[in-house]
Protein chains: 2
Amino acid sequence: MLIVKKFGGTSVADKERIFNVARRIAEDYKKGNEIVVVLSAMGKQTDVLLEMARNINPKASKREIDMLLTTGEQTSVALMAMALNALDIPAVSLNAFQVAMHTTSAYGNSRLKRIDTERISVELENKRVVVVTGFQGVNKMDDYTTLGRGGSDTTAVALAAALHADTCEIYTDVEGVYTADPRLVSDARKLKEITYDEMLEMASLGAGVLHNRSVEMAKKYGVQLVVRSSLNNSEGTLVKEEVKMEKMLVSGVASDRNTARISVIGLEDQPGVAFKLFNHLARHDVNVDIILQSVGRDGTKDISFTVNEDDLEEAVATLERHRQGSLKCQKIDVEKEVAKVSVVGAGMMSHAGVAAKMFEALYDVGVNIKMISTSEIRVTVLIDDIHVEKAMNAVHEKFFASQL
Amino acid sequence: MLIVKKFGGTSVADKERIFNVARRIAEDYKKGNEIVVVLSAMGKQTDVLLEMARNINPKASKREIDMLLTTGEQTSVALMAMALNALDIPAVSLNAFQVAMHTTSAYGNSRLKRIDTERISVELENKRVVVVTGFQGVNKMDDYTTLGRGGSDTTAVALAAALHADTCEIYTDVEGVYTADPRLVSDARKLKEITYDEMLEMASLGAGVLHNRSVEMAKKYGVQLVVRSSLNNSEGTLVKEEVKMEKMLVSGVASDRNTARISVIGLEDQPGVAFKLFNHLARHDVNVDIILQSVGRDGTKDISFTVNEDDLEEAVATLERHRQGSLKCQKIDVEKEVAKVSVVGAGMMSHAGVAAKMFEALYDVGVNIKMISTSEIRVTVLIDDIHVEKAMNAVHEKFFASQL
C-alpha cells in the first residue's frame, strides 16, 4: 500500500511527540507499505515566525512572510527524517522546491497547480520514507508560497492524488469525525464513515476537523481520506464518495458561533435591488450565507442575511457607503449574538421530515428559530448564541438517541 | 557601483542590529549603488539548530543536518528584506534554490561550483536590494548543502565574482585586519591594505578575520575585498593583488596556539622513511605544518613536525599503528604546550634580514625557538605556549615601533 500520512503541528511539537509519530510510521513501514509523510511546522512555530515578522515590519510583504514561514515546515521534516533514521528507518526530507509543488502566483493563500512526482517516486523505490513539507509551494517566479489555513491537509490530499496513493490519513487531536462536537454534546459519537459532501457541510459549519479545500480536492480526485487520532490507534473516520446504504438519516449536528446577521430594512421594492446589494458585498469579498427576503412596510422590502463575524465590519461599511447611492434603505440592523445549528446527512435526500424533526426538537426546549436555510443534505437554523448548547443536545438526541 | 556586502550572524542577531545593517544598506542604495547582501544565520541560530538535531539523533545524517541548518539563513534574509522594506527600500530575499547556487555533492562541507546570476540580475535591474542566504548551496540531486566554516564569506566572494561586482565588503566585529591581534598586542594597528597572499598566511596563522577559502577564491577571480566593521563607518582594510610600493616590510604578526609538536625519534636512516611517515598521515587527512629532520644517535634519524591540535590524536594513533610495520622507530614524543608565531609580509621577498630581526626580538625577551619554518612571505617559529604574548609584543615592536 502507498499511504500518505499528514500530521499537524501539535503532533510534532517536541522531541517526544516527534518520536511518537516516527514510531507509528516505522510500524507501517515495517509492514511493507510505501509511506509519504506530510508535516506542518512544529507546535506554534508559524505563529512565532509571524510575530517575528510583525516585530520587524508590521506591513511585511506576503512574499517575504512566505519566505519566512516556509522555514517552519522545513525544520519539522528534517527533524522527522533524523528521528526515523534513529529508529533505523531510511528516510529523506523534501521541501516544496525539491518535490516540486507548483502553485499559483499568489502569496499567503496560494493554490496547488501541479505536483511533480519523480523525486518522491525515486525515493520510494529506494525504500525510503519520504517526509514532505506541508502548507508550502513554489510559484512560477520560483518564489515560496503558502497555501493558507488548512494548507497541510491540502498538500497531503494533493500528494495522495498525484501519487495515486491507496489512502490519505489525516492525523488530528480527535479520534475522527463525530455526530456533534463532543465538547458541546456529551452523547456525541464517532462516525465510521461519512461522505465527502457531508464532510464539506460539516466543515463549513464549524466542525473543523478538515479544511474544506482538502475535502473538495479529495472528492474531485477520489482520494480516500481517513481522519484519525495521532494519540492512539483507534480506527478513525473514513471520508469517501458513498457510504453503506443502511447508514443513518443524519450524520451529524454542527454549530457555528462565528456568524452575524445583517438586516437591511426598507429597501425600494424594485427589480435588481437584491442583485445590487449582494454584488457590492461580493466585490469586497464578503461571503454571504443564509439569505431571507420579506415584505416590509409601505411597499418596501427587507433583506436579512448572515455573514462570517470576521467579515461583519467590512460588510456594514460597504453597505453604508452605498446607502445614499444605488442602495436606498431606511435602516441597517446588525445582530452579533447569533449562531447556526445544522443537521447534515446524505440520507435526507431520500427521506422527508428531517427539517420537521429538527424544528420539533428545538420547540421542545423552547429555542426560537430566527432564519432557516436548507440544502439537499443539510438543514440550518439561526438561533440566539446563548442557546447553542441546549439546541445542539436536543437536536442530537432527537436524531441519535435510538442509536446510542 | 555593484557592491556585495556580507554580514555575519552577530550583525543580524536581533531587531536592533538587523535595522542597523538595513540602514547602512539603505545609505549605499540611496547613493545609486546596486547592492547584493549576503547573510549568515542570526546570532547563534546555527548552533541552536545543531543542538536540536543532536537531541533528536546524535548520528543525524549530514544531508538532514544541512536541510535543517539552511532554515537559519532563510530566516535572516526574509527578516532583512522586511526591514529594508520598512525603510522604504525595495528588497527581495533569495535562498540557494532561488539564486541558484550549485555546489559539489558533499553535505556539510560542500564547494561552490557555479552560481546562476539571472534571477539576481533581474532583481537588480528592478532596483531591488537582493538579500541572499550565505553558507548554503544546492547539489545535483537538488538537495541542500552547506559550505562549512566561513561559508558565508565564500558565498559573498563567489557572488561578487559571478556578478563582476566592483567590490565585496565583509563586515565583522573588528575594524579590519591588524598588524597583530589587538587582544594580545596593545600597539597593534589597522592595516589599510594587504595582499591576498599575506591575508592567506595571516588567516592560516590564526588571525581568522577571513576564512582561507574565501581569500583563495577572491585571489583566483581578482575580487577586491574590504574587511570592515559592522559597528562603525571606519574604512577597514582592502585585500587585493598588489599594494602600494612604499608599503612596509612586514604586514603583521600572527600567532596560533592550536598547534602541537610530534617527534618521531630513532627512525631507520633509509630512503623513503619520510615519505612513508607523511603518506600515512595524509591518508588520514592529517595536515602537517612545520617539518624538521635531524640526525639521531646510532645511525638513526629523528623527524619532528607540527599538526593542528585537533588532529593530534588521529596523527599519533596512525603512527602507533604503523610503528611495528613499515615505520620502525624508537619513540614517539608529543608536546602540546607549543604555539606558532609568525611575521607575514610580501615586502620580505625583496628584503633580507626579516628572519634575523625576528629572532633578535625573541632573544631580547628570552624566548627559546623550538622550530623554524619560512615561506617567501612568512617566517614562523615554534615556541612554548606560555610565551606567546611576550613574543608577539616583542616581535611587533621590533617591526612596527618606528611606524607608531
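For every chain, the first residue of the written sequence is number 1, and numbering continues from 1 onward in sequence order. To label them, take the chains in the order written and letter them from A, then take the ligands in the order written and number them from 1. Per-residue local features of the predicted model are confined to residues with pLDDT of at least 70, and side-chain atom pairs are confined, for both listing and counting, to 80 or more; whole-chain, interface and lining totals are unaffected and use all residues. Side-chain calculation: all heavy atoms of the structure are included, whereas hydrogens and water are not.

Caption draft 1: A look at the overall build of chain A. Secondary structure elements follow DSSP: runs of H or I no shorter than four residues count as helices, runs of E no shorter than two count as strands, and numbering proceeds from the N terminus. Along its length, chain A carries 12 helices and 18 strands. With C-alpha atoms as the basis for the radius of gyration, the globule rule is written as 2.2 Å multiplied by the number of residues raised to the power 0.38. Relative to its length of 404 residues, chain A is compact, with a C-alpha radius of gyration of 23 Å against a globular reference of 22 Å. Each principal axis of the C-alpha distribution contributes one length, and for chain A these read about 80 × 55 × 35 Å. Counting across all 404 residues of chain A, residues that qualify as buried make up 55%. The contact criterion used is simple: two residues touch if any of their non-hydrogen atoms lie within 4.5 Å. Within chain A, residue pairs in contact and separated by at least 24 positions form 75% of the contacts whose partners lie at least 6 positions apart. Per-residue and other accessible areas were derived by the Shrake-Rupley procedure at a 1.4 Å probe size, with only the shown protein chains allowed to occlude residues. Split by element, the accessible area of chain A, about 17800 Å² in all, is 48% carbon and sulfur. Charge assignment in this entry is limited to Lys and Arg as positive and Asp and Glu as negative, and neither His nor the chain termini are counted. A charge is said to be at NZ when it belongs to Lys, at CZ for Arg, at CG for Asp and at CD for Glu. The centroid of the 49 positive side-chain charges in chain A is displaced by 1 Å from the centroid of its 56 negative side-chain charges. Burial status follows relative accessibility: with a 1.4 Å probe on protein chains alone, a residue under 20% of its type maximum counts as buried, one over 50% as exposed, and anything between as partly exposed.

Caption draft 2: Spatial organisation of the sheet that holds strand 17 (residues 371–375) of chain A. All names here are of chain A. Read from one edge to the other, the open sheet built from six strands follows the order 14-15-13-16-18-17, with strand pairing classed as antiparallel. Of all strands in the sheet, those bounded by a partner on one side alone are strand 14 (288–295) and strand 17. Averaged over all adjacent pairs, the angle separating strand axes in this sheet is 30 degrees, with direction ignored. Interaxial angles span 0 to 180 degrees and are taken between N-to-C directions of axes, which are lines fitted to C-alpha atoms, for helices over the stretch in contact. Docked against the sheet, helix 10 (residues 312–322) engages strand 13 (252–268), strand 15 (300–308) and strand 16 (331–344), running at close to 10 degrees with respect to strand 13. Of the strands in this sheet, strand 13, strand 16 and strand 18 (378–384) are in contact with helix 12 (residues 388–400), which crosses strand 13 at around 120 degrees. Pairing between two strands requires that DSSP report at least two bridges joining them.

Caption draft 3: Structural context of the relation of the copies chain A and chain B. Least squares is the method for superposing the copies, and the C-alpha atoms it fits come from residues with pLDDT of at least 70 in both. Screw-axis analysis of chain A against chain B gives a translation of 0.0 Å along the axis, an RMSD of 0.2 Å, and a rotation angle of 180 degrees. What the rotation and shift describe, once combined, is the action of a two-fold rotation axis. Identified as the residue of chain A closest to the rotation axis by C-alpha distance is Thr71(A), at 2.6 Å.

Caption draft 4: Here's a closer look at the pairing of strand 12 (residues 237–240) of chain B. Residue and element names in this part refer to chain B. On strand 12, burial follows the alternation: Thr 237 and Val 239 on one face are buried, whereas Leu 238 and Lys 240 on the facing-out side are not. Note that strand 10 (residues 193–195) and strand 12 share three bridges and pair parallel. Each residue of the ladder has a partner; that of Thr 195, found in strand 12, is Lys 240. Looking at chain direction, strand 11 (residues 225–229) and strand 12 are connected through three bridges and run antiparallel. Each residue of the ladder has a partner; that of Val 226, found in strand 12, is Leu 238.

Caption draft 5: Representation of the interface of chain A and chain B within the structure. Taken together, the contact pairs 40 residues of chain A with 40 residues of chain B. Note: buried area is the sum, over both parts, of the accessible area (probe 1.4 Å) each one loses when the two are combined. Of the roughly 3100 Å² buried where chain A meets chain B, counting both sides, 60% is carbon and sulfur surface. For chain A, the biggest contributors to the area lost against chain B are Ile56(A), Glu64(A) and Met82(A); these three give 22% of the whole. We define a salt bridge as a side-chain nitrogen of Lys or Arg found within 4 Å of a carboxyl oxygen belonging to Asp or Glu. The interface formed by chain A and chain B holds two salt bridges in total. Between Arg119(A) and Asp143(B) there is a salt bridge; the shortest N-O distance is 2.7 Å. In the analysis that follows, any N or O atom pair within 3.5 Å is treated as a polar contact, provided that within protein one partner can donate a hydrogen and the other can accept it, and provided that, for residues neighboring in sequence, both atoms belong to side chains. Between the two partners, chain A and chain B, sit 18 residue pairs in polar contact (both at pLDDT 80 or more). Secondary-structure elements contributing two or more residues to the side of chain A that touches chain B are helix 1 (15–30), helix 2 (45–56), helix 3 (62–86), strand 3 (91–94) and helix 4 (96–99) of chain A. The class makeup of the residues in the side of chain A that touches chain B is 23 nonpolar, 11 polar and six charged. Asp, Glu, Lys and Arg are counted as charged, while Ala, Val, Leu, Ile, Met, Phe, Trp, Tyr, Cys and Pro are counted as nonpolar; the rest, among them Gly, fall into the polar class.

Caption draft 6: Examining the packing of aromatic side chains more closely. All names here are of chain A. Two rings from Phe, Tyr or Trp (for Trp, the six-membered ring) form a pair when their centres are within 6.5 Å of each other. A pair whose planes differ by under 30 degrees is stacked, one over 60 is edge-to-face, and the rest are tilted. Per the stated rule, a full pass over the model turns up seven aromatic pairs over all chains. Relative to Tyr 171, the ring of Phe 7 lies with its centre 4.3 Å away and its plane at 15 degrees, an arrangement referred to as stacked. Highlighted residues: Phe 7 in strand 1 (residues 2–7) and Tyr 171 in strand 9 (residues 167–172), separated in sequence by 164 residues. In this structure Phe 7 comes out as buried when scored by relative accessible area, which is 0%.

Caption draft 7: Layout of the sheet that holds strand 3 (residues 91–94) of chain B. Residues and elements named next belong to chain B. Taken in spatial order, the eight strands line up as 3-6-2-1-9-11-12-10 in an open sheet, and their pairing is mixed. The sheet is open, and its two edges are formed by strand 3 and strand 10, each paired on a single side. When strand polarity is set aside, the average angle formed by the axes of neighbouring strands in this sheet is 20 degrees. The sheet contact formed by strand 2 (residues 34–39) and strand 6 (residues 129–133) spans four bridges and is parallel. For Val 37, the partnering residue across the bridge sits in strand 6 and is Val 131.

Caption draft 8: Main features of helix 1 (residues 15–30) of chain B. The span one expects for a helix is its residue count, reduced by one, times 1.5 Å. Spanning 16 residues, helix 1 of chain B covers 22 Å between terminal C-alpha atoms, matching the ideal 22 Å at 1.5 Å per step. Within the sequence span of helix 1 of chain B, burial applies to Ile18(B), Phe19(B), Val21(B), Ala22(B), Arg24(B), Ile25(B), Ala26(B), Asp28(B) and Tyr29(B).

Caption draft 9: Representation of helix 11 (residues 354–364) of chain B within the structure. All of the buried residues along helix 11 of chain B are Val354(B), Met358(B), Ala361(B) and Leu362(B). End-on, the buried residues of helix 11 of chain B take up no more than an arc of 95 degrees, which puts them together on one face. What the arc measures is the spread of directions leading from the helix axis to the C-beta atoms.

Caption draft 10: Region of the structure containing unusual backbone geometry. All names here are of chain A. For the peptide bond that leads from Val 99 to Ala 100, omega is -5 degrees, which places it in the cis range. Secondary-structure assignment places Ala 100 in the loop between helix 4 and strand 4 (101–103). The phi dihedral of Lys 127 falls on the positive side, at around 65 degrees, and the residue is not glycine. Mapped onto the elements of the fold, Lys 127 is located in the loop between helix 5 (118–125) and strand 6 (129–133).

Caption draft 11: Quick look at the pattern of salt bridges. All names here are of chain A. The final tally for this structure, using the stated rule, is 58 salt bridges over all chains. In this structure, Lys 6 engages Asp 153 in a salt bridge whose closest nitrogen and oxygen atoms are separated by 2.9 Å. Taken together, the positions of Lys 6 in strand 1 and Asp 153 in helix 6 (residues 151–162) put the pair 147 residues apart, joining distant regions of the chain. Asp 153 carries the same exposure label as Lys 6, and that label is buried.

Caption draft 12: Main features of the side chain of Asp256(B). Residues and elements named next belong to chain B. Note on placement: Asp 256 falls in strand 13 (residues 252–268). The class for Asp 256 is buried, based on a relative accessible area of 14%. Within the structure, Asp 256 has its side chain in polar contact with the backbone nitrogen of Asn 258 (distance 3.0 Å).

Caption draft 13: Geometry of the environment of Glu73(B). Residues and elements named next belong to chain B. By the element assignment, Glu 73 lies in helix 3 (residues 62–86). Between the alpha carbons of Glu 73 and Gly 134 there is a distance of 6.6 Å; along the sequence they are 61 residues apart. Excluding residues within four positions of it along the chain, Glu 73 makes contact with Leu 39, Ser 40, Ala 41, Thr 46, Thr 133, Gly 134, Phe 135 and Gln 136. Polar contacts involving the side chain of Glu 73 include one to the side chain of Gln 136, which spans 2.8 Å.

Caption draft 14: Examining the confidence of the model for chain A more closely. One confidence number per residue, pLDDT, is output by the predictor and ranges from 0 to 100. The predicted model of chain A averages 90 in pLDDT, with 97% of residues at 70 or higher. Predicted complex metrics record ipTM = 0.80 and pTM = 0.83.

Caption draft 15: Broad picture of the packing of helix 11 (residues 354–364) of chain A against helix 12 of chain A. Residue and element names in this part refer to chain A. Two numbers describe how helix 11 lies on helix 12: the axes approach to 9 Å, and their chain directions differ by 130 degrees. Judged on the interaxial angle alone, helix 12 and helix 11 are oblique. The element helix 11 and its partner helix 12 pack so that their crossing is right-handed. Contacts between helix 11 and helix 12 involve Val 354, Lys 357, Met 358, Glu 360, Ala 361, Leu 362 and Asp 364 from the first element and Ala 391, Ala 394, Val 395, Lys 398 and Phe 399 from the second. Put simply, angles under 35 degrees are roughly parallel, angles over 145 are roughly antiparallel, angles from 65 to 115 are roughly perpendicular, and the rest are oblique. Crossings are assigned a handedness: left-handed for a near helix turned anticlockwise from the far helix by less than a right angle, right-handed for a clockwise turn.

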